[in-house]
Amino acid sequence: MLYGCNARTDDTARKVEREKERRNTLHLILIWESLFLAMGVALTRAAQWTMGKLEVSPLNEALLNDIVNFVEQFNSRHPQEAKLVFTEPLQWTTALQASDFTSEYELSGSSVHSQDTDKDGCPLLQLIPPDISVRSFSHLCKVVQLANDSKLKEVWACLEANREPVVKMLGPNFTTAEVSDSSPEAEFKVKLLLILQQLDTQLLNSSITQLSQKVRLSPAAVKRDVELLKSVCGAGEKRLLKSVRYTSDYEFSNGCRSPPWRQAHGEIAYLIIEPCDTEPLFITCSTAGVYLNSGIKQEGEENAYERKSDVYKDLVTLLKIKSPHFTENINKQDFVIHGEPPTTLKIPHVEAVDVEERGQTLRSYEHQEKNVHEKARQQLAPNKSGVAKKLEPSLKWNLSLTSPHEEAEEKKARKNGGGEKATESWTKSPRSESKKKADFSGSPLPDRLSSQKTKSPGGGTAAEEFSESSSESEEDEEQSERRGESHTDLPSEYWQIQKLVKYLKGGNQTATVIALCCMRDFNLAQETCQLAIRDVGGLEVLINLLDTDEVKCKIGSLKIMKEISRSSQIRRAIANLGGLQTMVSILDSPDKELKCLAAETIANVAKFRRARRTVRQYGGIKRLVELLDCVPDSAMLSTEQEKDVEVARCGALALWSCSKSTRNKEAIRKAGGIPLLARLLKSPQKNMLIPVVGTLQECASERSYRIAIQTEGMIEDLVKNLNCDNQELQMHCASAIFKCAEDKRTRDLVRQYEGLQPLVVLLNEADNKQLLAAVTGAIWKCSMSMENVVKFEEFKALERLVSLLTDQPEEVLVNVVGALGECAQRPANRATIRKSGGIPPLVSLLTGTNQALLVNVTRAVGACATESENMTIIDRLDGVRLLWSLLKNPNPDVQASAAWAICPCIENAKDAGEMVRSFVGGLELIVNLLKSPNKEVLASVCAAIAKIAKDEENLAVITDHGVVPMLSNLTNTADDKLRRYLAEAVARCCMWGSNRVAFGEAGAVAPLVRYLRSKDPSVHQATAQALFQLSKDPSNCIAMHENGVVKLLLGMMGSTDQVLQEAAAGCVANIRRLALANEKAKYG
C-alpha cells in the first residue's frame, strides 16, 4: 500500500515537472519569436527608403555610422559569436579589389577567398569583382576595416542588397527552431540574436531622437497655408502665384487628401502650384514637411511619389526658395503669413461616411448625373476674382431610382433656382444620413481613373497594385485603364445598370433577386457594363450578398461576378474589397452550384500575384484540391456525377490560375493534388482535361512535379491526348512534355509511348502559333536524347523544322533552332540541314537580339560547321564574323556559346589563320574574355585559343596581347571542364618564342601537375600534352619533379589512350634527360 502511494506521488511529481518544462519551453519560444519579429525595425521603418534604395539623408547617415561602429568592434567584443556561420551569405556589389586584402586571404587573379570554409566547403568570404559574399561577422568586420575611408559606402551597399540581414544570418525558420537544442551553435545564435536586438533598440532610439527634432505638419496647418496661397492668386499684376490646386478635391474625415496607402507614409495632400516665373511645382505635403515630388498628376506611376527636393517646414518657405517673384513680392502684401486665411473653401452640407459604408468605394463617379462633365469644367475654370467658388453636390446622390420626369424636374430646379435652392432641397432629403463625401476632382469622366492618384476600392492605386504583381512575368502585366476624355457616347445600358445597382442597394430580397436577373440580361462581357457596375458601387453590394443566407442571391451575385471578373480592373477591385476571402469560404458550401461559381470566379480573379497569395493565405488551395475528388472515368454519368465532375472542373480551373505562384504549387502538392490530378487526367471529358493539363504544365516547372508526373504514369496520358482533336488540349499537353522532358527518363517515356510522331505531325499546324511554340519546345527537349533524334530522322522532322526558320515568332524560333542544334550532333543530320536550305536562315538569325535565341543559334551553327561543306557556306555568308561579334554580347551564355561555335569554324575553314586575322580587333577581344568571371566563358575561350594558336602568326599576336599571364592566372581552378581546355590552350601557346619559360615564371607548372589527380580522363590527356611542352624548359622540369609529376605520369604511360601515353612518356623523358645531363656535368 505504501509502495502504491509512493508510486502515485512520483507520477504526480513527474507530471508537475513535465508541465513546468512545457511552460518554460513555451516561454522560451515566445521570447525567441518576439525577439526575431522585433529585429530589423530600425532598418525597415526608421530608415528612409525610396524605390528600394536608402535615401541620402542625415537620419540614414547617422544610423549607418552607428552600424559601422557596431560591426568594426564586433570581432573584439564578441569573438565567439563572430565565428558563427550565417545561414545565407550577405552579398553585395563592393568597391574593394583583390589588392586591398591581406595575406590571410587566398588570391587568384582578381578574385579572393578566405581560407576558412563552412561545412559545405564554401569559403566564408569570397570576392569575384565586383561582387562579394560574406558568411560570418568576423569577415564582415574585416571587410569594413579594409574599406578604410569608404566604410560607410560598403555598409550602405550591403544593407541595400540585403533588406533582411537578420533572416540571412539566422535563417527564415529560426523562430521555429528547437529550443531544446543545447548545441553550441544554437546557444551562439541566441546570443547573437540578443546582441542584434540591442543594436536595433539603439538605432530606433537614435532615429526617434532625430525625428522628434523635425517639424511636424498637420492637415489643418496645410489647409490654412493652401487657403492663404489661394488668396494671393489671380490675374492682376500684384498676384504672387498663378494658381494653387489640390490634385484631388476629396477630403477624408481626418483632413487628409492623399490616398490611404500614402497616408501610411505620413503624406497629407498633393498640390500643383503655378508660380509666375517658373514651371508648375508638384508638391507633397507630409507630416515631416513639404517637398517636390516627381509629378503626381501621372496616374499609374508609383515613382511619381518619390521626393525630388529637400524637405521644407511649410509651403511659404518652399516657394521662397523656388520662386524669386514670390520672394520679392511676399513682404509687400498686407497680411500675416501664418495667420488665418481671409476665406476658406467649404463643401456645404456634405455628410460624413456612415460606419456601415466605410468599406465601400469613395469615388466621385458613384454619384453621377448626366451633365456632370459640365459641372466639372465649371469647377476647374480659373477663378477671376480670386475667391473660392462653392461646390454643389449632385442632386442624385440618393440611392433611390428616379424617373426621367423626376430627373428633368431636378435639372430645371438647378437651372432656375440656383445652387442655394438645390443645396437646401438636398439637405432636407430623408436619405441624407447615408451620403458619402463628395469627390470634386474635376474630371469629366464618370468612369475614369483620375488623372491624379485615384483611390481603388481596397485602398491602393493602380501603380501600387501593378508593382505588387509584376515579379512573375505572367498575366500580371495588365494594362492600366485608359479612358477617353468624354462620356457623351456612353450607351444607355451604362445608366440602366447603375439604376439596377441602386435597386440592389435599397430593395428587399425579392427586388434584389429580380435586379440580379435583370442585370444578367445585359452583355456583361462588354466593358461599359462592367465599369457601370463598378462605378456606382455595385461590386461592394455583390460581395456583401455573398455573406447572406439566401442561396439565390449568392448564386446570382457569383454569376455576375464570374462574367465581369474577366476585366483586369474588376478583378483587382474584387480582391481589394475582400471578395476572395468570402469566395474561399463558399468552397465549403454543400451547394454544388455555389462551389462551381465560386471556383470559377476565383479562377478569373487570381490572375495576379496578390490575389493568388490571398487565396493561399485563407486556405483556398486545400479547399480547391478537395473539389478534385471525383471519379469521372465513365463516359456515361448520372446527374449527380455530372455535378461532381463540373465541381472538379471548376476546382481545376481555379488551381490552374493559382498555380502560377511557386508557393501555391508547393501548397497544391502538400494538399495531395498530384494523385487527384493524375486521376482526372484519365477523364474522357475534354472540358475537364484542359484545366487539369493546364495546371500540370504550369506546375511542371518544379522538379518535384516532374518526378511525380513520371511516377504517377501521367506521361502516357499526355501522349495519348496529343492525338485528340482539341488544339488547346494538344498545346497544354505539348507544353507539359516540354517542361518534363528536361529529365532523360521522361524523354525515354515519350518515345516508349510513341509520342514523338504526334509531335512531328503537329508541326503542320503552323497557323496556331501557341500550339507551334509548345510542340517545337517538346521536340527540342526530346531531341536531347540521341535515340529520339534517330526517330525524328525517320519521321522527317528536320525538313519540317528547317521550313519553320522564317516568318515565325521568336518563341517558336528559339525552340526550332534548339531542336536543330541537338539534331545536328549527328553527322547525317548536318547534311540534311544543308540540303534543306537551313544554313542561310540560321546564319541570318545571328544578327538578332533575343538572348535565348542567340544561345541556341550559335550552338546550331557550331554543330553544322563541323562539316566542311557547311563551313564553306557559313564562311561565304560571313557567319564567322557574326559569331565573333557575339563575343561582345554582355550575356555570358551568349559569349560562351559563340566561343564554342567558333572552335569548329576555325578547325574546318580553308584558310583559318588568315580568316581570323581579318577580324579587326578580334584576337584582342577573345584574349580579354579570359578576364571573365564565368567559368563556361573561360572554358570556351580557352578552347578557341587552342584552335587559334595552331597558326603561328596568330599565336604571336595573342602572345603580344598577354595571353600567357592570363592563362597562368586561371590555373588554380578546380573545374575539370575549364582545366581540360586551359591545358590545351597552354600546350598550344608553348610553341611560340619563350612562352614556355613565361608560363614557368608565372607559376603555372605546379597547378597543372595537380590536374593529373583529376578523375576526368580528358583532363589527363590535355594536361599531359601541356606538361610535355613545358618540360622542354629545364626550370619547368625541376618544378614538375618537385611537385611529384613523375609518379603520376608513370601510371599514365600504361594508358590505352595513345595520345596520353606519348605525352606522358615524352615529359618523363625530358625530365630524365635533364637529370642525366645534370649528373654528367656534376661527375664528368
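As shown above, the structure is provided for reference.
About the criteria used
Residues numbered from 1 in each chain as written. Predicted model: local features only at pLDDT ≥ 70, side-chain atom pairs only at ≥ 80, totals over all residues. Heavy atoms only, no water. Helix = DSSP H or I, 4+ residues; strand = E, 2+ residues; numbered from the N terminus. Buried < 20%, exposed > 50% of the residue type's maximum accessible area, 1.4 Å probe, protein only. Contact = heavy atoms within 4.5 Å. Areas by Shrake-Rupley, 256 points an atom, 1.4 Å probe, with all protein chains shown as cover. Salt bridge = Lys/Arg side-chain N within 4 Å of Asp/Glu carboxyl O. Axes fitted to C-alpha atoms, helices over the stretch in contact; angles between N-to-C directions. Parallel < 35°, antiparallel > 145°, perpendicular 65-115°, else oblique. Left-handed = near helix turned anticlockwise from the far one by under 90°. Nonpolar A, V, L, I, M, F, W, Y, C, P; charged D, E, K, R; others polar. Pairing = 2+ DSSP bridges. Core = buried A, V, L, I, M, F, W, Y, C linked by side-chain atoms within 4.5 Å. Phe/Tyr/Trp six-rings, centres within 6.5 Å; stacked < 30°, edge-to-face > 60°. Lys NZ or Arg CZ within 6 Å of the ring centre and 35° of its normal. Polar contact = N/O pair within 3.5 Å; in protein donor to acceptor, adjacent residues only side chain to side chain. Disulfide = S-S within 2.5 Å.

Asker: Would you mind showing me how to read the overall build of the protein here?
Answerer: Counting its secondary structure elements, the protein contains 56 helices and 11 strands. A burial count over the protein gives 51% of its 1084 residues as buried. Long-range contacts, defined as pairs at least 24 residues apart, comprise 71% of the intrachain contacts of the protein with a sequence gap of at least 6. Total accessible area on the protein stands at roughly 50300 Å², and carbon and sulfur atoms take up 49% of it.

Asker: Mind showing me how you'd approach the side chain of glutamine 697 here?
Answerer: Tracing the sequence through the fold places glutamine 697 in helix H29 (residues 686-699). For glutamine 697, the residues in contact, after removing those within four places along its chain, are Trp656, His732, Ser735, Ala736 and Lys739.

Asker: I keep staring at the environment of cysteine 518 and nothing clicks. Help me out?
Answerer: Among the structural elements, cysteine 518 can be located in helix H17 (residues 509-520). The exposure class of cysteine 518 is partly exposed, given its relative accessible area of 31%. Spatially, the C-alpha atoms of cysteine 518 and isoleucine 497 are 8.9 Å apart, while their sequence positions differ by 21 residues.

Asker: Can you help me understand the pattern of salt bridges in this one?
Answerer: Any two side chains of opposite charge can pair, so long as their charged atoms come close to each other. Under the defined criterion, the tally for this structure stands at 37 salt bridges. Between arginine 669 and glutamate 666 there is a salt bridge whose closest N-O contact spans 2.3 Å. Residue arginine 669 and its partner glutamate 666 are both found in helix H27 (residues 662-670); the two are separated by 3 residues, about one turn of the helix. Using a relative accessible area of 29% as the deciding quantity, one classes glutamate 666 as partly exposed. Here arginine 706 makes a salt bridge to aspartate 743, at a shortest N to O gap of 3.4 Å. Separated by 37 residues along the polypeptide, arginine 706 in helix H30 (residues 703-711) and aspartate 743 in the loop between helix H32 (727-740) and helix H33 (744-752) bring together distant segments of the chain. With respect to class, arginine 706 is no different from aspartate 743; both count as buried. Each of Lys562, Glu600, Glu646 and Arg649 takes part in salt bridges that share partners, so that together they form one network.

Asker: For this particular structure, what's the right way to read the packing of helix H44 (residues 892-908) against helix H47 (residues 935-948)?
Answerer: For any two helices packed against each other, the geometry comes down to the angle between their axes and how far apart the axes lie. The interhelical angle for the contact between H44 and H47, taken along N-to-C directions, is 20°, at an axis separation of 8 Å. As far as their axial angle goes, H47 and H44 are roughly parallel. Considering only the axes of H44 and H47, their crossing is left-handed. Residues Pro892, Gln895, Ala896, Ala899, Trp900, Cys903, Ile906 and Glu907 of H44 lie in contact with H47, whose contacting residues are Glu936, Val937, Ala939, Ser940, Val941, Ala943, Ala944, Lys947 and Ile948. Taken together, the residues of the contact of H44 with H47 break down into 12 nonpolar, 2 polar and 3 charged.

Asker: Before we go on, may I ask you to explain the sheet that holds strand E3 (residues 85-93) in this structure?
Answerer: For sheets, the rule is that strands pair by backbone hydrogen bonds, running either parallel or antiparallel. The 5 strands are arranged E3-E7-E6-E5-E4 in an open sheet whose pairing can be described as antiparallel. Of all strands in the sheet, those bounded by a partner on one side alone are E3 and strand E4 (105-108). In this sheet, neighbouring strand axes are inclined to one another by 15° on average, regardless of whether the strands run parallel or antiparallel. Relative to strand E7 (residues 131-136), E3 is paired through 5 bridges, and the arrangement is antiparallel. Following the sheet pairing, glutamine 91 is matched in E7 by serine 133. Each of E3, E4, strand E5 (111-114), strand E6 (125-128) and E7 is contacted by helix H5 (residues 137-147), which is oriented at about 135° to E7, the strand it contacts most.

Asker: Before we go on, may I ask you to explain the sheet that holds strand E11 (residues 289-292) in this structure?
Answerer: Taking strand neighbours across the sheet as the criterion, the 4 strands line up as E8-E9-E10-E11 in an open arrangement whose pairing is antiparallel. Of all strands in the sheet, those bounded by a partner on one side alone are strand E8 (241-246) and E11. The average undirected angle you get between the axes of adjacent strands in this sheet is 25°. For E8 and strand E9 (residues 267-275), the ladder comprises 5 bridges, and the chain directions are antiparallel. The partner of valine 244 across the bridge, within E9, is isoleucine 273.

Asker: Would you explain the nonpolar core in this entry?
Answerer: Generally speaking, a soluble globular protein has its nonpolar side chains buried in company with each other. Of all hydrophobic cores here, the largest spans 224 residues; its most connected members are Leu842, Trp884, Ile958 and Leu967. Ignoring any residue separated from it by four or fewer positions in sequence, one finds isoleucine 958 in contact with Leu923, Val927, Ile945, Ile948, Ala949, Val963 and Cys989. One finds Leu84, Phe86, Leu127 and Ile132 within the second-largest nonpolar core, a separate group that totals 41 residues.

Asker: Explain helix H28 (residues 673-680) here, please?
Answerer: Side chains that are three or four residues apart share a direction in an α-helix, a result of its 3.6 residues per turn. Most of H28 is tucked away: 6 of the 8 residues are buried. Here H28 has its buried residues at Gly673, Ile674, Leu676, Leu677, Ala678 and Leu680. For H28, the elements touching its buried residues are helix H25 (620-626), helix H26 (639-658), H27, H29, H30 and helix H31 (714-721).

Asker: So what exactly am I meant to see when it comes to the pairing of strand E10 (residues 281-286) here?
Answerer: In terms of burial, E10 is largely enclosed, as 6 of its 6 residues are buried. Across the two faces of E10 the burial is the same, with Leu281, Ile283 and Cys285 and Phe282, Thr284 and Ser286 all buried. Where E9 lies against E10, 6 bridges are found, and the strand directions are antiparallel. Opposite alanine 269, over in E10, you have cysteine 285 as the bridge partner.

Asker: I'm lost on the packing of helix H41 (residues 851-864) against H44 in this one. Help?
Answerer: Interhelical geometry of H41 versus H44 gives an angle of 15° and a closest axis separation of 8 Å. Taken together, the axes of H41 and H44 are roughly parallel relative to one another. Like other packed secondary-structure pairs, H41 and H44 cross with a definite hand, here left-handed. Contacts between H41 and H44 pair Gln851, Leu854, Val855, Thr858, Arg859 and Gly862 from the former with Asp893, Val894, Ser897, Ala898, Ala901 and Pro904 from the latter. In the contact of H41 with H44, the residues fall into 6 nonpolar, 4 polar and 2 charged.

Asker: Is there a simple way to explain the packing of aromatic side chains in this structure?
Answerer: Geometrically, a pair of aromatic rings is defined through the distance of the ring centres and the angle of the planes. Per the counting criterion, the structure on display carries 11 aromatic pairs. Consider the rings of phenylalanine 70 and phenylalanine 137, whose centres lie 6.2 Å apart with planes at 80°: the pair is edge-to-face. One end of the pair, phenylalanine 70, is in helix H3 (residues 58-77); the other, phenylalanine 137, is in helix H5, and 67 residues separate them in sequence. What makes phenylalanine 70 buried here is its relative accessible area of 16%. Aromatic side chains tyrosine 494 and tryptophan 495 sit 4.8 Å apart centroid to centroid with 80° between the ring planes, which places their arrangement in the edge-to-face category. Summarising the burial analysis for this pair, tyrosine 494 and tryptophan 495 share the class buried. By the ring-pair criterion, three or more aromatic residues cluster together here, those being Phe70, Phe74, Phe86 and Phe137. One cation-aromatic arrangement involves arginine 572 over phenylalanine 608; the distance from NZ or CZ to the ring centre is 4.2 Å.

Asker: Whenever I open this one, the side chain of serine 785 confuses me. Can you help?
Answerer: When you line up the elements, serine 785 lands in the loop between helix H35 (769-782) and helix H36 (786-794). Assessed through its relative accessible area of 2%, serine 785 is described here as buried. Of the polar contacts made by the side chain of serine 785, one reaches the side chain of arginine 747; its length is 2.7 Å. The residues contacting serine 785, other than those within four sequence positions of it, are Lys744, Arg747 and Asp748.

Asker: Looking at this model, I keep getting lost on the environment of leucine 624. Mind explaining?
Answerer: Within the element layout of this structure, leucine 624 appears in helix H25. The spacing of leucine 624 and aspartate 588 is 36 residues in sequence and 9.5 Å in space, taken between C-alpha atoms. Leucine 624 has contacts with Leu587, Ala599, Val615, Gly651, Ala654, Leu655 and Cys658, leaving out every residue within four places of it along the chain.

Asker: Looking at this structure, I do not really get the state of the cysteines. What am I missing?
Answerer: Among covalent bonds in proteins, the disulfide is the one between the sulfur atoms of two cysteines. One pass over the structure, following the stated rule, counts 0 disulfides. Take cysteine 233: it sits in no disulfide, and the sulfur closest to it among the cysteines is that of cysteine 276, at 8.2 Å. Owing to a relative accessible area of 14%, cysteine 233 belongs among the buried residues under this scheme. Here cysteine 553 stays free of any disulfide, with the sulfur of cysteine 517 as its closest cysteine sulfur at 9.5 Å. What makes cysteine 553 buried here is its relative accessible area of 4%.

Asker: Got a minute to help me understand unusual backbone geometry in this structure?
Answerer: Only a minority of non-glycine residues have a phi that is not negative, and only a minority of peptide bonds are not trans. Note that the residue after proline 129, namely proline 130, is joined by a cis bond; omega there is 5°. Relative to the helices and strands, proline 130 resides in the loop between E6 and E7. Positive phi, close to 55°, is recorded for asparagine 148, a residue that is not glycine. For asparagine 148, the position within the fold is in the loop between H5 and helix H6 (151-161). Not every positive phi belongs to a glycine, and aspartate 807 is a case in point at roughly 60°. You can see aspartate 807 is positioned in the loop between helix H37 (797-803) and helix H38 (810-823). Classification of aspartate 807 as exposed rests on a relative accessible area of 74%.

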